[in-house]
Amino acid sequence: MVANDPFLDQVTALLPALRAFGRSLCGDPARADDLVQDTVLKAWTNRIQFQSGSNLKAWLFTILRNCYYSELRHRKFEVEDPEGICAAQLSVAPVHDARLHLRDLNRALQELPHDQREALVLVCATGLSYEEAADVCQVAVGTIKSRIARARDRLVELLGEDAAMVTDPASSESSVGSVSLASARARVS
Amino acid sequence: MSDKTKPEQAIPGPGEPAEQVPDWLGNRLRRMFTDVMDEPVPDEFKALLKQLEDKERGS
């Protein structure tokens, strides 16, 4: 899928990353693709505003993020919860008496407040720098680091004691299978 | 108060992402992300991009 327009060429090349970012934000493949389509249309409409030579990936992520939050604002139960406080409380309710046996990272990610999830994904999954992620989220670098720290702690809590012990076949060369929870906690604290 | 000035958002300390997140978690996050990136892009995106390109040509 190659377009002749240079801008569209670059957007096309970033579609997979946009789809992955969108899915990590909302957790729903179909909804994520709708967000990506909205993002492409908005980017195209506002392409004059994009400064050639700057980071198109970060710019597109910013648009996608804005689309996502705009959509959330139209959902009444999300309107008054910009920090995800209520959502976090709701998500904790089912696990108040027992550790949530979540082995699916994607599901666990959706348990995080929106701001923590996006910070973690932007830096640790998409490969953006702290500075780029801060630009996308329109916050300070320190805020991004703080959100990542809280997201990490919450994920460790959600995924349970065996999370660090489960071997990932795709990364068997890494230390995934050999990291104990104790050492993981030591590293994250 | 803007988000940039919230006192609770103190910088937790220096370090790269790899230092802030344990290997097992970072690896899985990247794997989850690349799994989606490896999926074929749906045809509807091709149609949308073609539509935009045609529109540009026609303008």
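Residues numbered from 1 in each chain as written. Chains lettered and ligands numbered in written order. Predicted model: local features only at pLDDT ≥ 70, side-chain atom pairs only at ≥ 80, totals over all residues.

**Q** Is there a simple way to think about the nonpolar core in this case?
**A** One recurring pattern in soluble globular proteins: nonpolar side chains tend to sit buried together. All names here are of chain A. Counting residues in hydrophobic clusters, the biggest one holds 52 residues, and the most contacted among them are Leu64, Val123 and Ala133. Looking at this core element by element, the count peaks at 9 residues for helix 1 (residues 6-26). Among residues more than four places away in sequence, those in contact with Leu64 are Leu18, Phe21, Gly22, Leu35, Val36 and Thr39. (Core = buried A, V, L, I, M, F, W, Y, C linked by C-beta atoms within 7 Å. Buried ≥ 20, exposed ≤ 12 C-beta atoms within 10 Å, placed from the backbone. Helix = DSSP H or I, 4+ residues; strand = E, 2+ residues; numbered from the N terminus. Contact = placed C-beta atoms within 7 Å.)

**Q** Quick question: what am I supposed to make of the packing of helix 8 (residues 130-137) of chain A against helix 9 (residues 141-159) of chain A here?
**A** Two quantities define a packed helix pair, namely the angle between the helix axes and the distance between the axes. Residues and elements named next belong to chain A. Running from amino to carboxyl end, helix 8 crosses helix 9 at an angle of 95 degrees, the nearest separation of the two axes being 8 Å. As judged from the angle between their axes, helix 8 and helix 9 are roughly perpendicular. Where helix 8 abuts helix 9, its residues Tyr130, Glu131, Ala133, Ala134 and Cys137 lie against Val141, Ile144 and Lys145. Here the residues of the contact of helix 8 with helix 9 are counted per class, giving 6 nonpolar, no polar and 2 charged. (Axes fitted to C-alpha atoms, helices over the stretch in contact; angles between N-to-C directions. Parallel < 35°, antiparallel > 145°, perpendicular 65-115°, else oblique. Nonpolar A, V, L, I, M, F, W, Y, C, P; charged D, E, K, R; others polar.)

**Q** Got a minute to help me understand unusual backbone geometry in this structure?
**A** The phi torsion of most residues other than glycine is negative, and most of the peptide bonds are trans. You will see that A:Gln138, though not glycine, has its phi angle at about 55 degrees, which is positive. When you line up the elements, A:Gln138 lands in the loop between helix 8 and helix 9.

**Q** Whenever I open this one, helix 7 (residues 114-125) of chain A confuses me. Can you help?
**A** Since the α-helix advances by 3.6 residues per turn, residues separated by three or four positions end up pointing in the same direction. All names here are of chain A. If you check helix 7, its first and last C-alpha atoms are 15 Å apart, about what 12 residues at 1.5 Å a residue would give, namely 16 Å. With 12 of 12 residues buried, helix 7 lies mostly within the body of the structure. The set of residues buried in helix 7 consists of His114, Asp115, Gln116, Arg117, Glu118, Ala119, Leu120, Val121, Leu122, Val123, Cys124 and Ala125. Trailing helix 7 by a residue or two, Gly127 shows a phi angle of about 90 degrees, which is positive. (Expected span 1.5 Å × (residues − 1).)

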